[in-house]
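# Examination of the molecular architecture
If you want the building blocks of each chain, they are given just below.
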Amino acid sequence: MAFESLGGNDMAAQREAINGILPFDPNELKDTVSGNIVNPYPRYEELRRESPVHVGAVDFGEGASDLNPDVPLPITVVGFDETVAVLRDNGLYSSCVYEIVTEAVMGRTILQMDEPEHREHRALVSPTFRSKVLARWEEELVRGIVDDLIDSFIDKGHVDLVQAITFNFPVQVIARILGLPQQDYPSFQRWAIELNSVAANWERGMAASAALRDYFAAVLDERRKNPADDLISELVHVELDGQRLDDEEIYSFLRLLLPAGVETTYRASGNLLFGLLTHPDQLNAVREDRSLIPQAFEESLRWEPPVAVVLRRAMESTELAGVPIEGGADVALMLGGANRDHRKYENPDEFNIFRKERQHVGFGFGVHVCMGMHLARMETRIALEAILDRLDDLKLDPAPGQDIRIEGLAFRSPVSLPVSFTAR
Amino acid sequence: MAEIRIDLEKCMGSGNCSYWAPGSFDLDDDGKVLVRDPATDEESRLVMAAEGCPVGAISIWHGERRIDQGAP
């Protein structure tokens, strides 16, 4: 990586190096979608009809992976109520399971902390993500970014919405909120996604982690000298029990928040567009009545949650839905399985923005519920409004033989959404 | 008329309630839930807010009968 040779502190040189990196195609990172599984849902339903809780990992027909005989058998949960029960009981089901992978790439973060440490640390950054605080960014930031992206293809009549919009707007929004120079986004976007997909490629994930650390080091120095109106300036001055955070703690926060902001909304907004484009009647309904956008987004989060697997560890032996769980067992919550639980939703596999509103676990649940949920809702709404305001006759327009689909296991989204449109 | 009951000990300040029923719920400066005016939201929204609370800090009552399901 061009960056490692640069040392941490020469910001101008870093900028120059970064600006030499061109924006890239999300297709390049296809292998980050750990497991290119297109439709895991029939398997989840089959499992759920046997039992909402299973001993062992999900087998998608590739044969079961080798289990380590020295650790308790892992547990897979595909039922809604059972998923909620695990996420709510954060004393029994610990987040420490994230130590293994995420601590290596991100450092110690709130993702792996339990109470009360989790609450104290989350409170340092959560005010930035409250809906009232975010409201100022709607017009000032998000709409402008999306309009600029639309300007770049408005004359063409045809575009890939993933490449042109969903892959590009969330990273620019979170960059501004954190306080990272927006023009650097092609590089930190790549690192963010590579970091998140460390399970698919360990060396690449670790290299991305190191690159981000060096990059943040320079930004932190700058913000200490010249505080601005952004989260990094907050973090360098905030105190916990009378102590400022040390640099490593701040890097950890940023290595969590940047990928979280970059990757999840890119996938979630892509899934919403996929749902609407494959159901043109519902797309038209939303076009006619923009007040339907929030419920359309909630339905897409239920139907295709972008982060589809959450992990916990049982701290002592217990039982869930009658299935015994050994103390120390890892518990995999398949959010996509929970969100299509036939016992909770009618026609769960159907994308229907008019269904009777029920809660879902697309943002997770319990004390670790997505901290960026208000940001995700706001920026996806603004992006869809901009798309509908400016692009008429929007429809999927794949190349011959091109299969447009959502794929992935832990993270799910469409790789591309080629559309034709008429400029308004 | 529905009554909102809050368990402030449980409240984690997710703000999800104010998304589902913005007239009824808000967060104070410490990030804890504040009840505004329950009459401004339809009862179904209050129930969504209660069932959408990630930590189950909200319940909705008709007299002594609880009308939300306590969980999603």
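In this report, we go over the structure that sits alongside the text.

Rules and cut-offs
Residues numbered from 1 in each chain as written. Chains lettered and ligands numbered in written order. Predicted model: local features only at pLDDT ≥ 70, side-chain atom pairs only at ≥ 80, totals over all residues. Heavy atoms only, no water. Buried < 20%, exposed > 50% of the residue type's maximum accessible area, 1.4 Å probe, protein only. Helix = DSSP H or I, 4+ residues; strand = E, 2+ residues; numbered from the N terminus. Contact = heavy atoms within 4.5 Å. Buried area = accessible area lost by both parts, 1.4 Å probe. Salt bridge = Lys/Arg side-chain N within 4 Å of Asp/Glu carboxyl O. Pairing = 2+ DSSP bridges. Phe/Tyr/Trp six-rings, centres within 6.5 Å; stacked < 30°, edge-to-face > 60°. Axes fitted to C-alpha atoms, helices over the stretch in contact; angles between N-to-C directions. Core = buried A, V, L, I, M, F, W, Y, C linked by side-chain atoms within 4.5 Å.

## Section: helix α9 (residues 169-178) of chain A
Residues and elements named next belong to chain A. Burial analysis of α9 places nine of its ten residues in the buried class, the great majority of the element. For α9, every residue scored as buried is listed here: F169, P170, V171, Q172, V173, I174, A175, I177 and L178. Just beyond α9, the residue with positive phi is G179, at close to 105 degrees.

## Section: the interface of chain B and chain A
Chain B puts 25 residues into the contact, and the matching count from chain A is 21 residues. When the buried area of chain B at its contact with chain A is split by residue, B:Y19, B:P54 and B:P72 rank highest and sum to 34% of it. Where chain B touches chain A, the interface holds two salt bridges. In this structure, B:R45 engages A:E357 in a salt bridge whose closest nitrogen and oxygen atoms are separated by 2.8 Å.

## Side note on the sheet that holds strand β3 (residues 93-94) of chain A
Residues and elements named next belong to chain A. Within the open sheet, the five strands sit side by side as β1-β2-β10-β7-β3. Their pairing is mixed. Either end of the sheet is taken by a strand with one partner, and the two such strands are β1 (53-55) and β3. Relative to strand β10 (residues 330-334), strand β2 (residues 75-77) is paired through three bridges, and the arrangement is parallel. Within β10, the position partnered with I75 by the bridge is V331.

## Description of the pattern of salt bridges
All names here are of chain A. Per the stated rule, a full pass over the model turns up 38 salt bridges over all chains. Here D392 makes a salt bridge to R287, at a shortest N to O gap of 3.3 Å. Here D392 is found in strand β11 (residues 391-396), whereas its partner R287 is found in helix α14 (residues 280-288), with 105 residues between them in sequence. D392 gets classed as partly exposed once you look at its relative accessible area, which sits at 23%. Under the relative-accessibility criterion, R287 is labelled buried at 15%. In this structure, a network of salt bridges that share partners links the residues R143, D147, D151, R290, D389 and R390.

## As for the pairing of β10(A)
Residues and elements named next belong to chain A. In terms of burial, β10 is a largely internal element, four of the five residues being buried. Where strand β7 (residues 309-314) lies against β10, five bridges are found, and the strand directions are antiparallel. Note on β10: the bridge partner recorded for V310 is L333.

## Focus: the packing of aromatic side chains
Residue and element names in this part refer to chain A. In this structure the tally under the stated criterion is ten aromatic pairs over all chains. When the ring of F153 is compared with that of F421, the centres are 5.7 Å apart and the planes differ by 75 degrees; the resulting orientation is edge-to-face. Residue F153 is located in the loop between α7 (137-151) and β4 (158-160), and its partner F421 is located in strand β14 (residues 418-423); the two are separated by 268 residues in the primary sequence. Ring geometry for W191 and Y215: centres 6.2 Å apart, planes at 55 degrees, overall tilted. Taken as a pair, W191 in helix α10 (residues 185-196) and Y215 in helix α11 (residues 202-225) lie far apart in primary sequence, 24 residues in all. The exposure class of Y215 is buried, given its relative accessible area of 2%. Taken together, the ring pairs connect F188, W191, Y215 and F216 into an aromatic cluster.

## Considering the sheet that holds β14(A)
All names here are of chain A. One open sheet accounts for three strands, arranged β4-β14-β11; its pairing is antiparallel. A strand with exactly one partner marks an edge of an open sheet, and here the two such strands are β4 and β11. Going from strand to strand, the sheet's axes swing by 30 degrees on average, the running direction of each strand aside.

## Notes on the nonpolar core
All names here are of chain A. Of all hydrophobic cores here, the largest spans 99 residues; its most connected members are I150, L178, L180, F188, L235, L258 and V286. With 15 residues, helix α13 (residues 247-277) is the largest single contributor of residues to this core. Formed by 24 residues, the second largest nonpolar core is a distinct cluster that contains Y98, V331, Y345 and F365.

## What about unusual backbone geometry?
All names here are of chain A. For the peptide bond that leads from E115 to P116, omega is 0 degrees, which places it in the cis range. Checked against the element boundaries, P116 lands in the loop between α4 (99-106) and α5 (117-125). One non-glycine residue, D241, lies in positive phi territory at about 55 degrees. Structurally, the position occupied by D241 is in the loop between β5 (239-240) and β6 (243-244). The phi dihedral of D393 falls on the positive side, at around 50 degrees, and the residue is not glycine. Classification of D393 by relative accessible area gives partly exposed; the value is 47%.

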